[in-house]
Amino acid sequence: IFLSFQQDVIAGFLYAILILVVFHPAVDLIDNFNLTYKYAPFIIITFEMTAVEKIEEQLASLHIAKRSTLSEEPAYLLDIDVSKPAQSESSRFVAVSCSNKSIRVYNRETLNFLREYSSCPGILNGVRFAHACDSIVFSACSDGTVKCWDIRLATQKAVQIFRGYPSNVFISFDINCSDLIICAGTEKVEKDTFLVFWDARGITNCASTAKKPLGVYSESHNDDITKICFHPIKPSLVVSGSTDGLVNVFDVNKDNEDDALVSTCNSDSSVSFIGWSGKDYEQVYCMTHDEGFCWWDIAQLDTEEPITLLHVQDVRDAVCVGNNSLRYLVGGLYHEKADKLFLVGGTSTGTIHLFSCSTDGLRLVGTLCGGHSATVRSFYWNLADESLLTGGEDAQLLLWKPGAAERSLAKKASMKVASSVQKRVRVHSSPLKSRKK
């Protein structure tokens, strides 16, 4: 054993010398270039611009490849998620949360309808696939549960139910990147608002018994918790947004809610969307129901630098989109390859706008027309093949791909029905004070 240890030490020492000999000169060259060459900053900026320009070109080449068939009961398509593929495989399923209180599942490539799940009389809110098993799909329910179905089974019955407390009405939820924790947010009932947590282990084994909560957070929000989003790569971090205007970041590994609260940021309005961005996803952003946008750098919490990267009170007044006016925001996406945060918005006639974000403001980078005939409510941008899924109030699910061609581009008539989300949303215009930096 001792001889083996000596060999390992010698091998490690020789390997370190090899790295220094091969890579150290290259590092020196790069440093000298940055310090001495006066055009170095312009070259770096050019590389960044090239990445954004590439995204713009990809967006410009997007065309409708597939269009789902309208169901017998048309509904607004409020949320979209795509199954997480195993290595060397592509995503197989698309799940959509609909305004008729159901979850619909489609084939990823053909958009053929496969399954529909409901929880009547409860209302299903949001949809997520498990990360480790692409046939497991979740949704939060107004009856105080988070339900889990297995697409492989020809049954409407949930294979797992995560049960909350008697007064809970869940309107938002998410599952962390390791499939270990589920978190759901409630409507405000009397004076109570909760973030409820469950142990999600065992879902891929299709256990049928109802699970009780691990615990709750009850002090950090004072109104409906509209959005929850776990960190993409750090399973213990989660961000929540509420109609109270606050965006809270928690580390659920801590023993109690006070210690778990990493930061509280104030959007000054009712939160409609939240997400993570930046390298290592150390930034948080949100959109509001009155079309505002806020962007914070959580990595600066322990420094003297300001954490606010950008705050736009009304995006509709801050960007120029030509003849097609911007009416609303749908959501955001951080593009890892381009190291850019993008926002998606649109018009009441179905036009889709894409904006890039920087600390200087928002800039229009592309527009998609000819797909939807009414407001687009949801999207999913697949960075692997640069395809885009969109769902709208015209009850259509569209798959956009670069250079694709569709036989018929006839748009369907808009539906004039009120969704459960519209009925529930109320905008808070009163200013709120931030609890932490």
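Residues numbered from 1 in each chain as written. Predicted model: local features only at pLDDT ≥ 70, side-chain atom pairs only at ≥ 80, totals over all residues. Heavy atoms only, no water.

- An unreviewed UniProt entry annotates the protein chain as WD repeat-containing protein 89 of Cochlearius cochlearius.

Comments concerning the packing of aromatic side chains
Then comes step 1: One pass over the structure, following the stated rule, counts 12 aromatic pairs.
Then comes step 2: With a centroid separation of 5.3 Å and 80° between ring planes, the pair formed by Tyr 281 and Tyr 334 is classed as edge-to-face. Of this pair, Tyr 281 sits in the loop between strand S18 (271–277) and strand S19 (283–288) while Tyr 334 sits in strand S22 (residues 328–335), and the two are 53 residues apart along the sequence.
Then comes step 3: Through successive ring pairs, a cluster of aromatic residues spans Phe 138, Phe 162, Phe 170 and Trp 198. (Phe/Tyr/Trp six-rings, centres within 6.5 Å; stacked < 30°, edge-to-face > 60°. Helix = DSSP H or I, 4+ residues; strand = E, 2+ residues; numbered from the N terminus.)

Considerations on the nonpolar core
Then comes step 1: If you look at the biggest cluster of nonpolar residues, it comprises 20 residues, and the most contacted ones within it are Leu 354, Leu 368, Trp 381, Leu 388 and Trp 400.
Then comes step 2: Of all the elements in the fold, those that place two or more residues in this core are helix H2 (40–60), strand S1 (62–67), S22, strand S23 (340–346), strand S24 (352–358), strand S25 (361–368), strand S26 (376–382) and strand S28 (397–402).
Then comes step 3: Setting aside its immediate chain neighbours within four residues, Trp 400 contacts Leu 62, His 63, Ile 64, Ala 65, Ile 352, Leu 368, Cys 369, Gly 371, Ser 387, Leu 388 and Thr 390. (Core = buried A, V, L, I, M, F, W, Y, C linked by side-chain atoms within 4.5 Å. Buried < 20%, exposed > 50% of the residue type's maximum accessible area, 1.4 Å probe, protein only. Contact = heavy atoms within 4.5 Å.)

Description of the side chain of Lys 147
Then comes step 1: Along the chain, the position of Lys 147 falls in strand S8 (residues 145–150).
Then comes step 2: Lys 147 sits in the buried class, given a relative accessible area of 9%.
Then comes step 3: Here the side chain of Lys 147 touches Asp 143 through a polar contact of 2.8 Å, side chain to side chain.
Then comes step 4: Not counting chain neighbours up to four residues away, the residues in contact with Lys 147 comprise Ser 119, Val 137, Phe 138, Ser 139, Cys 141, Ala 158, Gln 160 and Ile 161. (Polar contact = N/O pair within 3.5 Å; in protein donor to acceptor, adjacent residues only side chain to side chain.)

Digging into the pairing of strand S15 (residues 237–242)
Then comes step 1: Extensive coverage of S15 is indicated by the burial of 6 of its 6 residues.
Then comes step 2: Residue alternation in S15 divides its side chains into two sets, Leu 237, Val 239 and Gly 241 and Val 238, Ser 240 and Ser 242, and both sets are buried.
Then comes step 3: Pairing analysis gives 5 bridges linking strand S14 (residues 225–230) to S15, with the strands arranged antiparallel. Each residue of the ladder has a partner; that of Cys 229, found in S15, is Val 239.
Then comes step 4: Where S14 folds back on S15, the antiparallel hairpin that results is connected by 6 residues.
Then comes step 5: Pairing of S15 with strand S16 (residues 246–251) involves 5 bridges; the strand directions are antiparallel. For Val 239, the partnering residue across the bridge sits in S16 and is Val 249. (Pairing = 2+ DSSP bridges.)

Focus on the UniProt feature "repeat: WD" (unreviewed entry) in the protein chain
Then comes step 1: Mapped onto the present numbering, the UniProt feature "repeat: WD" (unreviewed entry) falls at residues 218–260 and 369–401.
Then comes step 2: Along residues 369–401 one finds 0% helix and 55% strand; the C-alpha atoms at either end are 14 Å apart. (UniProt positions renumbered as here; feature names shortened; annotations may be inferred.)

Looking at a negative patch on the surface
Then comes step 1: On the surface, Glu 219, Asp 255, Asp 258 and Asp 259 cluster together into a negatively charged patch.
Then comes step 2: Of note, Glu 219 is situated in the loop between strand S13 (215–217) and S14. (Patch = residues over 30% accessible without salt bridge, like charges linked within 9 Å, V, L, I, M, F, W, Y side chains within 5 Å. Areas by Shrake-Rupley, 256 points an atom, 1.4 Å probe, with all protein chains shown as cover. Salt bridge = Lys/Arg side-chain N within 4 Å of Asp/Glu carboxyl O. Lys, Arg positive; Asp, Glu negative; His and termini not counted. Charge placed at Lys NZ, Arg CZ, Asp CG, Glu CD.)

Description of unusual backbone geometry
Then comes step 1: Cys 120 connects to Pro 121 through a cis peptide bond whose omega is 5°.
Then comes step 2: Here Pro 121 shows up in the loop between strand S5 (113–118) and strand S6 (124–129).
Then comes step 3: The backbone of Lys 101 sits at a positive phi, close to 75°, despite the residue not being glycine.
Then comes step 4: For Lys 101, a relative accessible area of 33% gives the class partly exposed.
Then comes step 5: The backbone of Leu 111 shows a phi angle near 60°, a positive value even though the residue is not glycine.
Then comes step 6: Tracing the backbone shows Leu 111 in the loop between strand S4 (102–107) and S5.

Some words on the sheet that holds S28
Then comes step 1: Across the sheet, which stays open at both edges, the 4 strands sit in the order S1-S28-S27-S26 with antiparallel pairing between neighbours. In this open sheet, the two strands that pair with only one neighbour each are S1 and S26. Averaged over all adjacent pairs, the angle separating strand axes in this sheet is 25°, with direction ignored.
Then comes step 2: Examined bridge by bridge, S26 and strand S27 (residues 387–392) share 6 bridges and lie antiparallel to one another. Among the inter-strand pairings, Val 376 is bridged to a residue of S27, identified as Gly 392. (Axes fitted to C-alpha atoms, helices over the stretch in contact; angles between N-to-C directions.)

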